[in-house]
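# Tertiary structure, described
Here are the chains, one letter per residue:
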Amino acid sequence: MEKSIRKWVIYGFLISLALSILFVDYKITFDFDGFYSTEYVPVYDYIVSILRYSVVGAFAGMLVGWGFGRITNENKQ
């Protein structure tokens, strides 16, 4: 069961890392008087937000791994 949880934590971290790289905004666009202004998020803040979502995904993966491990242990007995 421990192996299953560890595996799903890694999967959850990597999948949420990939998704957060795709969907976390790295720029902010302001509209004023018919013109647009683009401001980029500092790199440190961008990386921290990506890692925050990845850690949340790792915890979700831990719960999934625990659930699958529990189901497979019940089926073996």
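Residues numbered from 1 in each chain as written. Predicted model: local features only at pLDDT ≥ 70, side-chain atom pairs only at ≥ 80, totals over all residues. Heavy atoms only, no water.

As a further point, take the overall build of the protein chain. When helices and strands are counted, the protein chain shows two helices and two strands. If you list the helices and strands of the protein chain from N to C, you get α-β-β-α. Taken over the C-alpha atoms alone, the protein chain extends approximately 70 × 20 × 10 Å along its principal axes. Residue burial in the protein chain is summarised as follows: out of 77 residues, 18% are buried. (Helix = DSSP H or I, 4+ residues; strand = E, 2+ residues; numbered from the N terminus. Buried < 20%, exposed > 50% of the residue type's maximum accessible area, 1.4 Å probe, protein only.)

Attention now moves to the packing of aromatic side chains. In this description, an aromatic ring pair is defined by two values, namely the gap between the centres and the angle between the planes. Using the criterion set out here, one finds three aromatic pairs in the structure. Ring geometry for Tyr26 versus Tyr40: centroids 6.1 Å apart, planes at 15 degrees, classification stacked. On the criterion of sequence distance, the pair formed by Tyr26 in the loop between helix 1 (2–23) and strand 1 (27–32) and Tyr40 in strand 2 (residues 35–40) is long-range, its members being 14 residues apart. Residue Tyr40 is classed as exposed on the basis of its relative accessible area, which comes to 55%. Each member of the aromatic cluster is reached from another via a ring pair, and the members are Trp8, Tyr11 and Phe68. Against the face of Tyr53 rests Arg52, its NZ or CZ located 5.3 Å from the ring centre. (Phe/Tyr/Trp six-rings, centres within 6.5 Å; stacked < 30°, edge-to-face > 60°. Lys NZ or Arg CZ within 6 Å of the ring centre and 35° of its normal.)

With that settled, consider the environment of Val43. With respect to the helices and strands, Val43 occurs in helix 2 (residues 43–76). Val43 sits 17 residues away from Tyr26 along the chain, and the two C-alpha atoms are 8.4 Å apart.

With that settled, consider the environment of Lys3. Inspection of the secondary structure puts Lys3 in helix 1. For the pair Lys3 and Gly69, spaced 66 residues apart in sequence, the C-alpha separation works out to 8.7 Å.

Attention shifts here to helix 2. With 34 residues, helix 2 extends 48 Å between its outermost C-alpha atoms, agreeing within 8% with the 50 Å of an ideal straight helix rising 1.5 Å per residue. Lining the buried residues of helix 2 we find helix 1. (Expected span 1.5 Å × (residues − 1). Contact = heavy atoms within 4.5 Å.)

A few words now on the pairing of strand 1. Both strand 1 and strand 2 contribute to a ladder of six bridges, which runs antiparallel. The residue bridging Lys27 from the neighbouring strand is Tyr40, located in strand 2. Linking strand 1 back to strand 2 in an antiparallel pair, the connection comprises two residues, with Asp33 at a positive phi of about 50 degrees. (Pairing = 2+ DSSP bridges.)

With respect to the secondary-structure elements, Ser54 resides in helix 2. For Ser54, a relative accessible area of 0% corresponds to the buried category.

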